[in-house]
Amino acid sequence: MKQRFLLAAGLLLLKGVAFSQTQVSADEVVAKINRGEAINYQNARISGDLDLTHLAKQTFKLQDNNKMSDTIFINTVSVPVSFSNCTFSGKVIGYFNPDNGKNIETVRPSKIYNTNFDKDVAFSNCTFEKEVNFKYSEFKGKASFSASKFKDMAFFKYTDFATAPDFSQAQFDDLSFKYVKFPGKASFAGARFTGDTDFKYAEFGEGVDFQKAKFDGFANFKYAKLDNPNLKGAMFSHSGDFKYTTVNNKKTSLTTLADNSRVQ
């Protein structure tokens, strides 16, 4: 009896280990998107760069109406996307400009690639080991990155969210939400920001939840506009830039925000 029990326990353990180490190539994910199949992965490790900037569904437009204008290639993910408890070993690429870092006068016009999402997108309790870039992306459905860990740079600069995104309990290293106009009441409740945090020029016109969020690095909220923020229990343990930051159309400061987090 004891030997049978140990054997059964061992088999369950091996099964659990194998399940937790499910390997999925990023190319497989892209192939499913191109075939119009819904993306739904749990407890998987996505290997390789998940490059969403060269999809089958791609259109283009000129940035301006002149022959020297940059060409914008817009890739569209037209299926719902759901990743739960997944690890991404490579980059997640929703924006690519091959001329970044070059002399703009010598490379124009450029070809720029970005990615939009027509359906709901969820990356729940996921780990991103390398850079994530959704610069200029449009999330036309719900967008959730709750409890996910960003171990490298996370770019959401100019990102357009149709509904209030959920970043509650997320953990960030360096990040940029520069110029983002958040709809609804975006949630960063319980989030932790350990690196440089850039919300410069961001607008939270319909409220934002930073309850119990922790800012361990430099927090840049210069020119940001916050309406009805929930700052209860939020902690700002480092320096930051709050020049021209407003709360409910009134200028504020790091000291004032820290005081509000204690009294709310």
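Attention in this report is confined to the structure presented alongside it. (Residues numbered from 1 in each chain as written. Predicted model: local features only at pLDDT ≥ 70, side-chain atom pairs only at ≥ 80, totals over all residues. Heavy atoms only, no water.)

When helices and strands are counted, the protein shows 4 helices and 35 strands. Across the 264 residues in the protein, those meeting the buried criterion constitute 45%. For the protein, the proportion of contacts with a sequence separation of at least 24, taken over those separated by at least 6, is 30%. Surface exposure of the protein reaches about 13800 Å², of which carbon and sulfur atoms provide 49%. (Helix = DSSP H or I, 4+ residues; strand = E, 2+ residues; numbered from the N terminus. Buried < 20%, exposed > 50% of the residue type's maximum accessible area, 1.4 Å probe, protein only. Contact = heavy atoms within 4.5 Å. Areas by Shrake-Rupley, 256 points an atom, 1.4 Å probe, with all protein chains shown as cover.)

Read from one edge of the open sheet, 9 strands run β1-β3-β8-β13-β17-β20-β24-β28-β32, paired in parallel fashion. Each end of this open sheet is capped by a strand with a single partner; those strands are β1 (22-25) and β32 (235-236). In terms of strand pairing, strand β24 (residues 192-193) meets strand β28 (residues 214-215) through 2 bridges, oriented parallel. Looking at β28, one finds that F193 is bridged to F215. Helix-sheet contacts for helix α2 (residues 26-34) involve β1 and β3 (44-47), and the interaxial angle to β1 is about 60°. (Pairing = 2+ DSSP bridges. Axes fitted to C-alpha atoms, helices over the stretch in contact; angles between N-to-C directions.)

Below, the discussion takes up the environment of F167. Within the element layout of this structure, F167 appears in the loop between β19 (160-161) and β20 (171-172). Between the C-alpha atom of F167 and that of S144, which follows or precedes it by 23 residues, the distance is 6.3 Å. Among all residues touching F167, those that are not within four sequence positions of it are F145, F156, F161, F172, F177, S187, F188 and A191.

Read across the open sheet, the 4 strands follow the order β2-β7-β12-β16; overall the sheet is parallel. Each end of this open sheet is capped by a strand with a single partner; those strands are β2 (39-42) and β16 (143-144). Relative to strand β7 (residues 81-84), β2 is paired through 4 bridges, and the arrangement is parallel. Bridging from a neighbouring strand, N40 pairs with S82 of β7. On the sheet, α2 packs against β2 and β7 and is oriented at approximately 150° with respect to β2.

The next point concerns the pairing of strand β11 (residues 111-117). With respect to burial, β11 is a largely interior element, 6 of its 7 residues being buried. Both strand β6 (residues 71-77) and β11 contribute to a ladder of 7 bridges, which runs parallel. Directly across from I74, in β11, lies its bridge partner N114. Bridging between strand β10 (residues 95-96) and β11 involves 2 bridges; their strand directions are antiparallel. Pairing of F96 across the sheet is with Y113, part of β11.

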